Amino acid sequence: MLRIVRRAGSLLRSPHIHATNPWNSELQRCLASGLPMNTLVLFVPQQEAWVVERMGRFHRILEPGLNLLIPVLDRIRYVQSLKEIVINVPEQSAVSLDNVSLQIDGVLYLRIMNPYKASYGVEDPEYAVTQLAQTTMRSELGKLTLDKVFRERENLNAGIVEAINQAADDWGIRCLRYEIKDIHVPAKVREAMQMQVEAERRKRAMVLESEGTRESAINVAEGQKQSQILASEGEKAEQINRAAGEASAILARAKARGEAIRVLADALTQQNGNSAASLTVAEQYVAAFSKLAQESNTILLPANTGDIPSMVTQAMGIYGTLTKNIPPKNKELGHDNTRETDDLHQS
């Protein structure tokens, strides 16, 4: 094997080499295509795949690192990069669903997943994917209106990637993502879009203003409602408290009145009780006359207004009529008092 290598080296250095020498033709081919030449011992860089043919037929794919090949028989036919490749998709014309002409371009990110398919499945993988991306972009844009093109940009990119991957699977290429760079619309359409945006903003401003007015009115109404409710509840509580106070006052007055009557009844049963009662009636009569014509101009007077003894006698007569219904025990206690009252009447 080493002798073959030395011989091959001497043939390359020989000045008398013929143009039809296979080594010379292989060297010229490698220099013209940029492919590495088979020198028996080869070092494949990381993230590259070298496709080797033996006697014109696919033999194997060299892995990164050290590899040995047979000169003349083995030939490096393709070198595929396994890194992520970035391709600029040229600007192209497309028509949206609402018949608006657009100028759009993008960036395509792809990677070779199968070096064998990428070498033998298509002549120029990058060119094929670029053309597929352009046609797919036109097709996807034709399904959307102009407004949706701007709003659903992410969905549009995802649709283009999915369509490319379905077709590029036989080429050993996988599209990782697609990004739209610029979308150019005609000047008149751009002016119409600007007017539409301004109209939408004015509409939103008016809607927000009306909603603010409505919320303000609702808040004012709610405040008035709560105020009225609180006022009515306060009035209700006040009336309840006033009624409770009046009831307590009436009850207290009734108890005081009852206690006063009880004390008065006890006092009348004592000696000279009727005389005390007559004196009280006379005092009240005189006090009543002192208030005449102070609160009203209309006065009703009895015929014998100046006869105070007769008025007292009449009052005591009423009292005597009421005391007839007193039980016998009380009558016995008040017998002397009745006699004194009769004496008073006679006088």
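Analysis parameters
- One numbering rule holds for all chains: residues counted from 1, following each sequence as written.
- Local features in this predicted model are restricted to residues of pLDDT 70 or higher, and side-chain atom pairs are both shown and tallied only at a pLDDT of 80 or more, whereas totals for entire chains, interfaces and linings draw on every residue.
- As a convention, hydrogens and water are excluded, and side-chain values are obtained from all of the structure's heavy atoms.
- UniProt positions are given in the numbering used here, feature names are shortened, and annotations may be inferred rather than shown by experiment.
- What we call a nonpolar core is a set of buried Ala, Val, Leu, Ile, Met, Phe, Trp, Tyr and Cys residues that are connected through their side-chain atoms within 4.5 Å.
- Exposure categories follow from relative accessible area, calculated using a 1.4 Å probe and restricted to protein chains: below 20% of the type maximum is buried, above 50% is exposed, and the middle band is partly exposed.
- In this description a helix means any DSSP run of H or I spanning at least four residues, a strand means any run of E spanning at least two, and both kinds are numbered starting from the N terminus.
- By definition in these notes, contact holds between two residues if any of their heavy atoms fall within 4.5 Å.
- Side-chain rings of Phe, Tyr and Trp (the six-membered ring for Trp) are treated as a pair once their centres are within 6.5 Å; stacked means planes under 30 degrees apart, edge-to-face means over 60, and tilted covers the remaining angles.
- Note on geometry: a ring has a charge over it if NZ (lysine) or CZ (arginine) is within 6 Å of the ring centre and within 35 degrees of the ring normal.
- A pair of strands is considered paired only if DSSP assigns at least 2 bridges between the two.
- The axes used here are C-alpha line fits, helices contributing only the stretch in contact, and every angle between their N-to-C directions lies in the interval 0 to 180 degrees.

Under an unreviewed UniProt entry, the protein has the name Stomatin-like protein 2, mitochondrial and belongs to Pelobates cultripes. In its Subcellular location (unreviewed entry) section, the UniProt record describing the protein reads: "Mitochondrion inner membrane". Taken directly from UniProt, the Sequence similarities (unreviewed entry) text for the protein runs: "Belongs to the band 7/mec-2 family."

1. Focus: the nonpolar core
Within the largest apolar cluster, 34 residues are counted, with the highest numbers of intra-cluster contacts made by Leu108, Ile164, Trp171 and Tyr178. Of all the elements in the fold, those that place two or more residues in this core are strand E6 (85–95), strand E7 (101–112), helix H4 (125–141), helix H5 (146–151), helix H6 (153–168) and strand E8 (173–184). With 6 residues, the single largest contributor to this core is H4. Once residues lying within four places of it in the same chain are set aside, the contact partners of isoleucine 164 are Leu108, Val129, Leu132, Ala133, Thr136 and Cys175. Counting 7 residues, the second largest nonpolar core, distinct from the first, contains Leu42, Val44, Trp50 and Leu62.

2. Comments concerning the packing of aromatic side chains
Within the structure shown, the criterion is met by 4 aromatic pairs. Relative to tyrosine 120, the ring of tyrosine 78 lies with its centre 5.5 Å away and its plane at 85°, an arrangement referred to as edge-to-face. Highlighted residues: tyrosine 78 in strand E5 (residues 74–81) and tyrosine 120 in helix H3 (residues 115–120), separated in sequence by 42 residues. One aromatic cluster is present, built from ring pairs that chain together Phe58, Tyr78, Tyr116 and Tyr120. In this arrangement the basic side chain of arginine 177 is found over the ring face of tyrosine 109, its NZ or CZ atom lying 4.3 Å from the centre.

3. Observations concerning the sheet that holds strand E3 (residues 57–62)
Spatially, E3-E2-E5 is the arrangement adopted by the 3 strands of the open sheet, whose pairing is antiparallel. Two strands bound the open sheet, and with one partner strand each, they are E3 and E5. In this sheet, adjacent strand axes meet at a mean angle of 25° when their direction is disregarded.

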